[in-house]
Amino acid sequence: MDYKKKLVRFTPNRVWRTYTGGKILDELEQKAEPKDSHFPEDWIGSTTQAVNPDREDIVEGLSHAVVGAESIRFDTLLALDPSYFLGAQHTKAFDLNPMLLVKFLDSSVRLHFQAHPTAEFAREHLNSHHGKAEGYYILEVREDITEPYVYVGFQHPPSRRAFKDMIERQDISAMEACFEKIPVKPGDCLYIPGGSPHAIGEGILMVEIMEPSDWAVRFEFSKAGYTMPEEARFMKRDLEFCMDVFDFTQLSVQDAINTFYQQPKITRQYSDQSYQESLIDDAVTDKFRVKKSTITGSINKAEQDFYIGIVVRGECRIQVADEVTQLKQFDRFFCPAGIDSVTIESASGVEILECYPPAIT
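Description of the structure in this document.

What counts, and where the lines are drawn
- Counting of residues starts from 1 at the beginning of each chain's written sequence and follows it residue by residue.
- It should be noted that, the model being predicted, local features are given only for residues of pLDDT at least 70 and side-chain atom pairs only at 80 or more, the latter also being counted only at that level, while totals for whole chains, interfaces and linings use all residues.
- Only hydrogens and water are set aside when side-chain values are computed; all heavy atoms of the structure are taken into account.
- The helix and strand labels rest on DSSP assignments: H or I over at least four residues marks a helix, E over at least two residues marks a strand, and numbering proceeds from the N terminus.
- Taken over C-alpha atoms, the radius of gyration is set against a globule rule of 2.2 Å times the number of residues to the power 0.38.
- When accessible area is computed with a 1.4 Å probe and restricted to protein chains, residues below 20% of their type maximum are described as buried, those above 50% as exposed, and intermediate ones as partly exposed.
- Whether two residues touch is decided by their heavy atoms; if any such pair falls within 4.5 Å, the residues are in contact.
- Computed with the Shrake-Rupley method and a 1.4 Å probe, the accessible areas treat only the protein chains shown as cover for residues.
- Note that His is not counted, nor are the chain ends; the positive residues are Lys and Arg, and the negative ones are Asp and Glu.
- Note on charges: their place is set at NZ of Lys, CZ of Arg, CG of Asp or CD of Glu.
- Any pair of N or O atoms that falls within 3.5 Å is considered a polar contact. Within protein, one atom must be able to donate a hydrogen and the other to accept it, and sequence-neighbouring residues count only if both atoms are side-chain atoms.
- We define a nonpolar core as any set of buried Ala, Val, Leu, Ile, Met, Phe, Trp, Tyr and Cys residues linked to one another through side-chain atoms lying within 4.5 Å.
- When we speak of the arc, we mean the arc of directions from the helix axis to the C-beta atoms.
- Following DSSP output, two strands are said to pair if at least two bridges run between them.
- By salt bridge we mean one thing: a side-chain nitrogen of Lys or Arg within 4 Å of a carboxyl oxygen of Asp or Glu.

## Considering the overall build of the chain
Counting its regular elements, the chain contains nine helices and 24 strands. Taken over the C-alpha trace, the chain has a radius of gyration of 20 Å; the compact-globule value for 361 residues is 21 Å, and the two agree within 12%. In terms of overall dimensions, the chain has a C-alpha envelope of 60 × 50 × 40 Å along the principal axes. The proportion of buried residues among the 361 residues of the chain is 57%. Of the contacts formed within the chain by residues at least 6 apart in sequence, a portion of 74% connects residues at least 24 apart. As displayed, the chain has an accessible area near 15,400 Å², and 45% of this comes from carbon and sulfur atoms. Computed over 39 positive and 57 negative side-chain charges, the inter-centroid distance for the chain is 1 Å.

## Focus: the side chain of Arg 55
Mapped onto the elements of the fold, Arg 55 is located in the loop between β3 (41-44) and β4 (64-67). Only 2.8 Å separates the side chain of Arg 55 from the side chain of Glu 60, close enough to count as a polar contact. Apart from residues no more than four positions distant in its own chain, Arg 55 is found in contact with Trp 16, Phe 39 and Glu 60.

## Notes on the side chain of Thr 325
Along the chain, Thr 325 falls in strand β22 (residues 323-327). In this view, Thr 325 contacts Leu 7, Arg 9, Cys 316, Arg 317 and Ile 318; residues no more than four positions away in its chain are not counted.

## Here we look at the nonpolar core
Grouped together as the largest cluster of nonpolar side chains are 57 residues, with contacts concentrated most on Val 8, Leu 77, Phe 85, Val 102, Val 207, Ile 318 and Phe 334. Of the residues forming this core, the biggest block, seven residues, is contributed by strand β24 (residues 342-356). Once residues lying within four places of it in the same chain are set aside, the contact partners of Val 207 are Val 102, Lys 103, Phe 104, Gly 135, Tyr 136, Tyr 137, Leu 139, Ile 310 and Leu 353. Residues Ala 115, Tyr 151, Phe 163 and Phe 246 belong to the second largest nonpolar core, which totals 26 residues.

## Concerning helix α6 (residues 160-169)
Looking only at α6, the buried set comprises Phe 163, Met 166 and Ile 167. For α6, the buried positions fall inside an angular range of 95 degrees around the axis, keeping them on one side. When the buried face of α6 is taken as reference, the exposed residues oriented beyond 90 degrees from it are Arg 161 and Glu 168. Those residues of α6 hidden inside the fold are in contact with α7 (172-176) and α8 (239-242). Two residues or fewer past α6, Gln 170 is found with a positive phi of approximately 50 degrees.

## Some remarks on the pairing of strand β20 (residues 307-314)
Counting buried positions along β20 gives six out of eight residues, so the element sits mostly inside the fold. As paired elements, β20 and β24 share six bridges and run antiparallel to each other. Bridge assignment links Arg 313 to a residue of β24, and that residue is Glu 351.

## Section: the pattern of salt bridges
A side chain of one charge can pair with a side chain of the opposite charge when the charged atoms of the two come close. Applying the stated criterion across every chain, the model contains 34 salt bridges. Asp 42 is the salt-bridge partner of Arg 332, the closest N and O atoms lying 2.7 Å from each other. In this pair, Arg 332 sits in strand β23 (residues 332-335) while Asp 42 sits in strand β3, placing the two residues 290 residues apart along the sequence. A residue is classified by how much of its surface remains accessible, and Asp 42, at 3% relative accessible area, is buried. A salt bridge links Glu 303 to Arg 268, with the shortest nitrogen-to-oxygen separation between them at 2.6 Å. In this pair, Glu 303 is assigned in the loop between β19 (289-301) and β20 and Arg 268 in strand β17 (residues 265-269), connecting sequence segments 35 residues apart. Residue Arg 268 is classed as partly exposed on the basis of its relative accessible area, which comes to 24%. Linked through salt bridges whose partners overlap, the residues forming this network are Arg 14, Asp 26, Glu 29 and Lys 31.

Right under this line is the structure:
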């Protein structure tokens, strides 16, 4: 397979979830009748298998890559030449694990209330190297949503005993009373560490960047006509075990904004009109990094690490050696560590979200 000096593209990789959405993803795939369903996510550059109740016999979540005219499962592609695709230092530290999972998430309803374990909790109690810290980059909001929001952190924290009782009784109004809506808009970036109770509001299209796991404590059991079986609620443990996942720290709305919102910092100037911003860096987390390049005109771009790129605004052409790839809004790609540099051109301007693995120190 001739894979060197080529960008890697991805075929659609829709994944079943317990909530509904995905109409915008259907539109991107040019389906004849776009609609919301239980396939509200598209996993990008994924080597992580989804964990879904009653679907254990279905392998889903693993991406398929397109290199030139050939298609291959992404994890199989990486195994052909790990040092080229992931970098020698990365493979020495992490073997074939890219150490991040990137998704499109397109919600039609508010997601289940949930929380994810920290990596430390996962190592100690779940026999796993990964928790599930998350980053959000808000892309669009549906036209009928006037006040887009997320719930994150407890603004009115309950006691441990009271919260357990709410969960056991499925008192959703009492759960909602523990939170206040945190406003979001397109272009916002948030970082949600493990342990933070949260729920993404309805009508939001976003990029979600996370540790490569599917661990979740879902403390709201029913959504969009589907009720999760017990084994899907508490990571195949029980509620008492999962109570230690939650961070009960009180955070006002302003505290939550200060804690979870990430302010972009220009860290690189490609040219007078083109620059790269850091959105989530290793001062925030050691789990992954997120940057955004804003480019007008033509620039040369070199990186030491591989990254997953998503065109979040505009369009461009990317040239690697003799290969030219045309990209439009919401196209995504993987740039291997072994590519020395690329030339990116955009006459009218383009913004590319770039998702990187943890920095190796």
